[in-house]
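# Secondary and tertiary structure notes
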Amino acid sequence: MKDLQHVEHLTPAERADRGKAARKRVPRTSQAYFDPPSDRPDPVSLLESQSATRLQQLIPIRYGRMMQTAFTFYRGAALVMAADLAETPNSGLSVQACGDAHLMNFGAFASPERALVFDINDFDETNPGPWEWDLKRLTASLEVAARDRGFTDPERRVILLAATKQYRDSMANFAGMPQLEIWYARLDIETLVENFAKQASKTGVKRARRQIAKAQTRDSVQAFSKFTQVVDGERRIVSSPPLIVNVRDLMQQEGVDGDQVIETIGSVLRSYRSTLQFDRRHLLEQFEFTDLALKVVGVGSVGTRCWMALFRGRDTEDPLFLQVKEAQESVLERFTSKSEFRTSGERVVAGQRLMQSASDIFLGWDHVSGLDGVSRSFYVRQLRDWKGSAVIDAMEPSDLAAYGRICAWTLAKAHARSGDAIALSTYMGKSDRLDNAIADFSQAYADQNEKDHDALVAAVKSGRITAEQGI
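To keep things clear, this report deals only with the structure shown in the data block. Numbering of residues begins from 1 in every chain and follows the order in which that chain's sequence is written. Residues qualify for local features only when their pLDDT is at least 70, as the model is predicted, and side-chain atom pairs are given and counted only at 80 or more; totals for whole chains, interfaces and linings, by contrast, use all residues. Where side-chain values are given, they derive from all heavy atoms of the structure, hydrogens and water being excluded.

### Let's talk about the nonpolar core
Condition: Throughout, nonpolar core names a set of buried Ala, Val, Leu, Ile, Met, Phe, Trp, Tyr and Cys residues whose side chains join them through atoms within 4.5 Å. A 1.4 Å probe rolled over the protein chains alone gives each residue an accessible area, and that area as a share of the maximum for its type sets the label: buried under 20%, exposed over 50%, partly exposed in between. Each helix is a run of DSSP H or I of at least 4 residues and each strand a run of E of at least 2, with the numbering of both proceeding from the N terminus. Note on contacts: a residue pair qualifies if any of its non-hydrogen atoms lie within 4.5 Å across the two residues.
Ranked by size, the top nonpolar core spans 104 residues in total, and within it Leu-103, Phe-106, Trp-131, Tyr-167, Ile-392, Leu-400 and Tyr-403 carry the most contacts. Of all the elements, helix α16 (residues 397-418) adds the most residues to this core, at eleven residues. Once residues lying within four places of it in the same chain are set aside, the contact partners of Trp-131 are Ser-91, Leu-93, Val-95, Tyr-167, His-415, Leu-424, Tyr-427, Met-428 and Leu-434.

Here it is as structure tokens:
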């Protein structure tokens, strides 16, 4: 970690000069560039390289989910895009990058003060990297999602330009703020709805309000009623294979030693407490661990080891669910720099705390040697705490444009917290040159994404890989 005495403190003018110098090195129009080389890595091979370290029985589910549409493929192909971005112009202005800033990795959740806020909510791939990689990941996801929705070329262009302009305008605003104001900036849900309502359709606004109301019911109590039942007088997580498998059922299905698994994950849950603030560690100690299950999550994450752990507080009607999720190497590390942290779990948590305005009170990390002797890293957070996400499949063009702006503001806020807002804003400037360049890139990359999706489908049809659909 950096010694505070050795942190470089430049004047605002010097920071602006950094942005101007970056613009000379890498003109804004060059950000449109995407020309895959003839030796571009095979996208299916890249996915297979990721799958090698995951639970093999779950890999077909991952491929099956990615096969559904070009958009679901995009969600699971962060490594593929990182490899492509590494071949594009780099401004040299670094931030704490999300690494996978697509539309579905933004959402609502509860702040420690029990307010519903909106922010980036997935940091598995976070690492320092170029700011434009995150922005391109976001805008390309807008283009891919808009194509899936059947929007016209002009409608999609409006959506892309609106998002990039919002990012650029937001960064300019952050560049003029005192540092503490940037740090405290957050998007509460009422402000989000107010801004969304100004731009979205009436139907879209009604749907957003329903999603918000639904999110506020998604907590440990709701998960308790959904995922558990009384078995032999004890509350147990109910298996729903292959998506949820109680550790006791793993013993029968996979020949896994359930007691050893419980001990391994239990050791994570015990030692990870040292990464929590004292007050939150005290709170967690009021809960008793009672049950454990393996859970399939997401699209790109399928196959990583992810556990849901049930705790009991005052009594059986006072539950807490924690998610214990494996953290592997960030896709960015192959193309930027190795993480400065000892473990991937710490990398995820540190990046999340830096980029988010508010983070889960139980967010922490640990690493442990598994039953196979392999050392693995995990991060821990609440399984559900008022978590909610947008329904992209139901959005009209105006809805997606409005939502894209909200995500763009959120991404700019995260980058302003971790990077140099003045340098970034100076680089982007006041014209729409960057907006059009990013839009051009996004359209070109959406074309490539469609080809890569077709390659995955072909690999399944040929028998090269196995996919299980509908799960």
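And the narrative resumes.
### Things to note about the environment of Leu-180
Relative to the assigned elements, Leu-180 resides in helix α8 (residues 179-184). In this structure Leu-180 comes out as exposed when scored by relative accessible area, which is 56%. Between the alpha carbons of Leu-180 and Arg-381 there is a distance of 26 Å; along the sequence they are 201 residues apart.

### Digging into the packing of helix α5 (residues 78-85) against helix α18 (residues 433-461)
Here is the rule we go by: Interaxial angle, 0 to 180 degrees, is taken between N-to-C directions of lines fitted to C-alpha atoms, where a helix line uses only the stretch in contact. Under this scheme an angle from 65 to 115 degrees is roughly perpendicular, one under 35 degrees roughly parallel, and one over 145 degrees roughly antiparallel; angles in between are oblique. Definitions for this section: a left-handed crossing has its near helix turned counterclockwise from the far helix by less than a right angle. A right-handed crossing has that turn clockwise. Three categories are distinguished: nonpolar for Ala, Val, Leu, Ile, Met, Phe, Trp, Tyr, Cys and Pro, charged for Asp, Glu, Lys and Arg, and polar for the others, with Gly belonging to the last.
At a minimum axis separation of 12 Å, α5 and α18 run at an interaxial angle of 130 degrees. It follows from the interaxial angle that α5 and α18 lie oblique. You can see that α5 and α18 cross each other, and the crossing is right-handed. Where α5 abuts α18, its residues Val-80, Met-81, Asp-84 and Leu-85 lie against Phe-441, Tyr-445 and Asp-452. Residues that form the contact of α5 with α18 fall into these classes: five nonpolar, no polar and two charged.

### Focus on helix α1 (residues 12-25)
Selection rule: The length a helix should cover is 1.5 Å for every residue beyond the first. The directions considered for the arc run from the helix axis to the C-beta atoms.
With 14 residues, α1 should cover 20 Å at 1.5 Å per step; its first-to-last C-alpha distance of 20 Å lies within 8% of that length. Every buried residue of α1 is accounted for by Arg-15, Ala-16, Gly-19 and Ala-22. Along α1, the residues classed as buried sweep out an arc of 115 degrees about the axis, all on the same side. Turned more than 90 degrees off the buried face of α1, the exposed positions are Ala-13, Lys-24 and Arg-25. Packing partners of the buried residues in α1 comprise α8 and α17 (421-428).

### Some thoughts on the sheet that holds strand β2 (residues 106-110)
Keep this limit in mind: Pairing between two strands is assigned when DSSP locates at least 2 bridges connecting them.
On the basis of which strands lie adjacent, the open sheet formed by three strands has the order β2-β3-β5 and antiparallel pairing. This sheet does not close on itself; its edge strands, each paired only once, are β2 and β5 (187-188). Strand contacts of α16: β2, β3 (116-120) and β5, with the helix running at about 75 degrees to β3, the strand carrying the most contacts.

### Description of the environment of Asp-454
Position of Asp-454 among the secondary structure elements: in helix α18. For Asp-454, a relative accessible area of 47% corresponds to the partly exposed category. As for Asp-454 and Phe-224, which are separated by 230 residues in sequence, their C-alpha atoms are 40 Å apart.

### As for the pairing of strand β7 (residues 234-237)
For a regular strand, side-chain orientation follows a simple rule: the groups alternate between the two sheet faces. Sheet topology note: the strand β6 (residues 228-231)/β7 ladder contains four bridges and is antiparallel. When the bridges of β7 are listed, Thr-228 appears paired with Ile-237. In this structure, the hairpin formed by β6 and β7 is closed by a connection of two residues, where Asp-232 is found at a positive phi of approximately 55 degrees.

### Observations regarding helix α9 (residues 189-199)
Among the residues of α9, those classed as buried are Ile-189, Leu-192, Val-193 and Phe-196. Looking down the long axis of α9, one finds its buried residues gathered within 95 degrees of arc, a one-sided arrangement. The exposed set on the far side of α9, more than 90 degrees from its buried face, consists of Glu-190 and Lys-198.

### Some thoughts on the packing of aromatic side chains
Our working definition: Here a pair means two rings of Phe, Tyr or Trp (six-membered ring of Trp) with centres within 6.5 Å. Their orientation is stacked below 30 degrees between planes, edge-to-face above 60, and tilted elsewhere. Over a ring means this: the NZ of a Lys or the CZ of an Arg is within 6 Å of the ring centre and within 35 degrees of the ring normal.
For the structure on display, the rule yields ten aromatic pairs. Their ring planes at 70 degrees and their centres at 5.1 Å tell us that Phe-34 and Tyr-445 sit as a pair that is edge-to-face. Of the two residues, Phe-34 sits in the loop between α1 and α2 (43-51) while Tyr-445 sits in helix α18, which places them 411 residues apart along the sequence. Ring plane angle 50 degrees and centroid distance 5.8 Å describe the contact between Phe-174 and Trp-409, whose orientation is recorded as tilted. With Phe-174 in helix α7 (residues 153-175) and Trp-409 in helix α16, this pair connects stretches of sequence that are 235 residues apart. Of note, Arg-417 hangs over the ring of Trp-183, and the distance from its end group to the ring centre comes to 3.6 Å.

### A word on the packing of helix α6 (residues 131-148) against α7
Where α6 contacts α7, the axes come no closer than 9 Å and their chain directions differ by 155 degrees. Between α6 and α7, the angle falls in the class roughly antiparallel. For the crossing formed where α6 meets α7, the hand is right-handed. When α6 is examined against α7, the residues Trp-131, Leu-135, Thr-139, Leu-142, Glu-143, Ala-146 and Arg-147 are found in contact with a partner set consisting of Arg-156, Ile-159, Leu-160, Ala-163, Thr-164 and Tyr-167. Grouping the constituent residues of the contact of α6 with α7 by class yields eight nonpolar, two polar and three charged.

### As for the pattern of salt bridges
If charged atoms from side chains of opposite charge come close, those side chains can pair. Definition in use: Salt-bridge detection follows one rule: a side-chain nitrogen of Lys or Arg within 4 Å of a carboxyl oxygen of Asp or Glu.
Within this structure, the stated rule accounts for 32 salt bridges. Its salt-bridge partner being Glu-143, residue Arg-156 comes within 2.7 Å of it at the nearest N-O pair. Pair noted here: Arg-156 is in helix α7 and Glu-143 is in helix α6, with a separation of 13 residues, a long-range link. Take Arg-156 and Glu-143: they sit in the same class, and that class is buried. Of the charged contacts, one joins Glu-333 and Arg-347 as a salt bridge, the two residues approaching to 3.5 Å between their closest N and O atoms. Taken together, the residues Glu-333 in the loop between β11 (319-327) and α15 (344-355) and Arg-347 in helix α15 connect sequence positions 14 residues apart. For Arg-347, a relative accessible area of 1% translates into the label buried.

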